[in-house]
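Remarks on the overall topology
Residues per chain, in single letters:
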Amino acid sequence: MATAIEHISLEVPSLEVSFLRTLSKKMGWTMRRQRKSGLQKALDDVKAGHVYEAKDVDDLMKQLNT
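The present account deals with the structure reproduced in this document.

Here is what the cut-offs are and how they apply
Residues numbered from 1 in each chain as written. Predicted model: local features only at pLDDT ≥ 70, side-chain atom pairs only at ≥ 80, totals over all residues. Heavy atoms only, no water. Helix = DSSP H or I, 4+ residues; strand = E, 2+ residues; numbered from the N terminus. Rg over C-alpha atoms; globule rule 2.2 N^0.38 Å. Areas by Shrake-Rupley, 256 points an atom, 1.4 Å probe, with all protein chains shown as cover. Lys, Arg positive; Asp, Glu negative; His and termini not counted. Charge placed at Lys NZ, Arg CZ, Asp CG, Glu CD. 1 Å grid on protein atoms, 1.4 Å probe; cavity = no way out; pocket = protein on both sides within 12 Å on 5 of 7 lines; lining within 4 Å. Points joined across faces, edges and corners; volume = space filled by probe spheres on them. Nonpolar A, V, L, I, M, F, W, Y, C, P; charged D, E, K, R; others polar.

With respect to the overall build of the chain
On a plain count of helices and strands, the chain comes out with three helices and zero strands. In terms of C-alpha radius of gyration, the chain reaches 20 Å, well past the compact-globule figure of 11 Å for 66 residues. Seen through its principal axes, the chain has C-alpha atoms that stretch 70 × 20 × 15 Å. Surface accessibility of the chain: about 6,900 Å² in total, with carbon and sulfur atoms responsible for 55%. Put simply, the chain has 11 plus and 9 minus side-chain charges, and the middle of one group is 13 Å from the middle of the other.

Now the structure itself:
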């Protein structure tokens, strides 16, 4: 008799990933970790309002150098 497989998505704190990985190994589960791309992180920042508009080129260069 075959067991049905379900794919589940969880959001857990980064500190708990190692515990979850250990648990999954002991239970015989397969765990895949999907990380956000740089573009997705940038889009999330824009949605959250974490953007900065430079007044001019000097202001932009100052922000890039800090």
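Continuing now.
Some thoughts on the layout of surface pockets
Considering only enclosed or pocket space, the largest pocket measures out at about 1,200 Å³ in volume. Lining the largest pocket are 21 residues, with Ile-8, Ser-9, Leu-10, Met-31 and Arg-32 positioned closest to its centre. Within the lining of the largest pocket, the residues separate by chemical class into nine nonpolar, six polar and six charged.

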